[in-house]
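Listed below are the residues making up each chain.
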Amino acid sequence: MPRLSEVIAELDALWPPERAEGWDAVGTVCGDPGAEIDRVLFAVDPVRQIADEARSLGAQLIVTHHPLYLRGTTTVAASTFKGRVVHGLIKHDIALHVAHTNADSADPGVSDALAGALGLRVTGPLVPDPTDPEGRRGLGRICELDHPETLRDLAARAAARLPATAQGIRLAGDPDALVHRVAVSGGSGDSLFDAVRASGVDAFLTADLRHHPASEAVQHSTLGLVDAAHWATEWPWCEQAAAQLDAISDRHGWDLRVHVSKQVTDPWTTHHSSGAPN
């Protein structure tokens, strides 16, 4: 069996921590570098349900997309939610490793996985990484559809192919407008509107779109918007990342057992449709 330090070295090669945004908190949160690893669990969120799932599986390593301590902390006391997670992980010899914005901009990255889940053909990054001479890394992806479809059909495609959540899929713009090219970004994407407009795409599929940026986008252009749940747009990366680690395990003869959590850890649990506007 490989040691944790060996597995982490391979994960850092996939998603180098130095490529994370300066505000981000990536890397290993807890874990003994010398511990042996034979089972790994991938998930979006480092919450207690995922820690419990890892324990029931007998996994010694959890890899999540979201950080546990994004803004730092002065305590891991078990009286806090995050402290309880840390205490449980250490008590049961489970390591936690995070790949966040370094996985967003990777090749392949979070938005490649999102495009793949939607059956879209990636043509390049939405915001290219200037340090990548091949022009493949960066935030978001620009994609083409094999055959044009309406914005309504694109939203229906997302609803059918992404994991189900309470939010579902929201749409802004003319539902009958034809979409040939679409930008996608896993996670919160409204900070990318300038790049989306400059790319000339017909639609933008992302998550967490706020009122004012979305309103400005549809008022100033014919750009269609498809807004999914944050968790749902990033969950496909877990399957992609697990497949990458599986390939590494095969190459090294490690015989790792790699799992992807199917627990929905999106914080929204119920949706009630309001009355149709007059």
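What counts and what doesn't
- Residues numbered from 1 in each chain as written.
- Predicted model: local features only at pLDDT ≥ 70, side-chain atom pairs only at ≥ 80, totals over all residues.
- Heavy atoms only, no water.
- Helix = DSSP H or I, 4+ residues; strand = E, 2+ residues; numbered from the N terminus.
- Buried < 20%, exposed > 50% of the residue type's maximum accessible area, 1.4 Å probe, protein only.
- Areas by Shrake-Rupley, 256 points an atom, 1.4 Å probe, with all protein chains shown as cover.
- Lys, Arg positive; Asp, Glu negative; His and termini not counted.
- Charge placed at Lys NZ, Arg CZ, Asp CG, Glu CD.
- Phe/Tyr/Trp six-rings, centres within 6.5 Å; stacked < 30°, edge-to-face > 60°.
- Pairing = 2+ DSSP bridges.
- Axes fitted to C-alpha atoms, helices over the stretch in contact; angles between N-to-C directions.
- Disulfide = S-S within 2.5 Å.
- Parallel < 35°, antiparallel > 145°, perpendicular 65-115°, else oblique.
- Left-handed = near helix turned anticlockwise from the far one by under 90°.
- Contact = heavy atoms within 4.5 Å.
- Nonpolar A, V, L, I, M, F, W, Y, C, P; charged D, E, K, R; others polar.
- Salt bridge = Lys/Arg side-chain N within 4 Å of Asp/Glu carboxyl O.
- 1 Å grid on protein atoms, 1.4 Å probe; cavity = no way out; pocket = protein on both sides within 12 Å on 5 of 7 lines; lining within 4 Å.
- Points joined across faces, edges and corners; volume = space filled by probe spheres on them.

### Here we look at the overall build of the protein
Across its full length, the protein carries nine helices and 11 strands. The C-alpha extent of the protein, read off along each of the three principal axes, is 60 × 45 × 30 Å. Counting every position in the protein, which comprises 278 residues, the buried fraction comes to 50%. Put simply, the protein shows about 13400 Å² of open surface, and 50% of that area lies on carbon and sulfur atoms. Positive and negative side-chain charges in the protein, numbering 23 and 37 respectively, have mean positions lying 4 Å apart.

### Regarding the packing of aromatic side chains
Scanning the model with the defined rule gives four aromatic pairs in all. Ring centres of phenylalanine 193 and phenylalanine 204 lie 5.7 Å apart, and the angle between their planes is 70°; on these two criteria the pair is classed as edge-to-face. Of this pair, phenylalanine 193 sits in helix H7 (residues 193–199) while phenylalanine 204 sits in strand S9 (residues 203–207); the two residues are 11 residues apart in sequence, bridging distant segments of the chain. Residue phenylalanine 204 is classed as buried on the basis of its relative accessible area of 0%.

### Some details on the sheet that holds strand S4 (residues 95–98)
Within the open sheet, the five strands sit side by side as S1-S4-S3-S2-S11. Their pairing is mixed. Among the strands making up the open sheet, the edge pair consists of strand S1 (27–30) and strand S11 (257–260). Taken over all neighbouring pairs, the strand axes of this sheet differ in orientation by 25° on average, direction set aside. The sheet contact formed by S1 and S4 spans three bridges and is antiparallel. Bridge assignment links threonine 28 to a residue of S4, and that residue is histidine 97.

### Topic: the state of the cysteines
Going through the model one piece at a time under the given rule, you end up with zero disulfides. Between cysteine 30, a cysteine without a disulfide, and cysteine 238, which holds the nearest cysteine sulfur, the sulfur-to-sulfur distance is 18 Å. For cysteine 30, a relative accessible area of 10% puts it in the buried group.

### A word on the packing of helix H1 (residues 4–14) against helix H9 (residues 230–252)
Helices that pack against each other are described as a pair by the angle of their axes relative to one another and the distance between those axes. Orientation of H1 relative to H9, taken along the N-to-C sense of each, is 130°, at an axis distance of 11 Å. Classed by the angle they form, the pair H1 and H9 counts as oblique. Like other packed secondary-structure pairs, H1 and H9 cross with a definite hand, here right-handed. Contacts between H1 and H9 pair Val7, Glu10, Leu11 and Leu14 from the former with Gln244, Leu245, Ile248, Arg251 and His252 from the latter. Per-class residue counts for the contact of H1 with H9 are five nonpolar, two polar and two charged.

### Notes on the sheet that holds S9
The strand order across the open sheet built from six strands is S5-S6-S8-S9-S10-S7, with neighbouring strands paired in mixed fashion. A single partner strand is all that each edge strand has here, and the edge strands are strand S5 (121–128) and strand S7 (170–172). Strand-to-strand twist across the sheet, computed as the mean angle between neighbouring axes with direction ignored, equals 25°. Along the sheet, helix H5 (residues 110–118) makes contact with S5, strand S6 (138–150), strand S8 (178–188) and S9, crossing S8 at roughly 135°.

### Notes on the pattern of salt bridges
Overall, the coordinates contain 14 salt bridges when judged by the stated rule. Between arginine 121 and aspartate 146 there is a salt bridge; the shortest N-O distance is 3.7 Å. Residue arginine 121 is found in strand S5, and its partner aspartate 146 is found in strand S6; the two are separated by 25 residues along the sequence. By relative accessible area, arginine 121 is classed as partly exposed at 41%.

### Considering empty space enclosed by the protein
For the structure on display, the rule yields one cavity of 30 Å³ or more. Considering only enclosed or pocket space, the largest cavity measures out at about 30 Å³ in volume. In terms of lining residues, the largest cavity is bounded by Pro46, Val47, Ile50, Ala51, Ile62, Val85, Leu89 and Leu96. Those elements that place two or more of their residues in the lining of the largest cavity are helix H2 (48–57) and helix H3 (81–91). Taken together, the residues of the lining of the largest cavity break down into eight nonpolar, no polar and no charged.

Any functional reading would require information that these geometric values do not contain.
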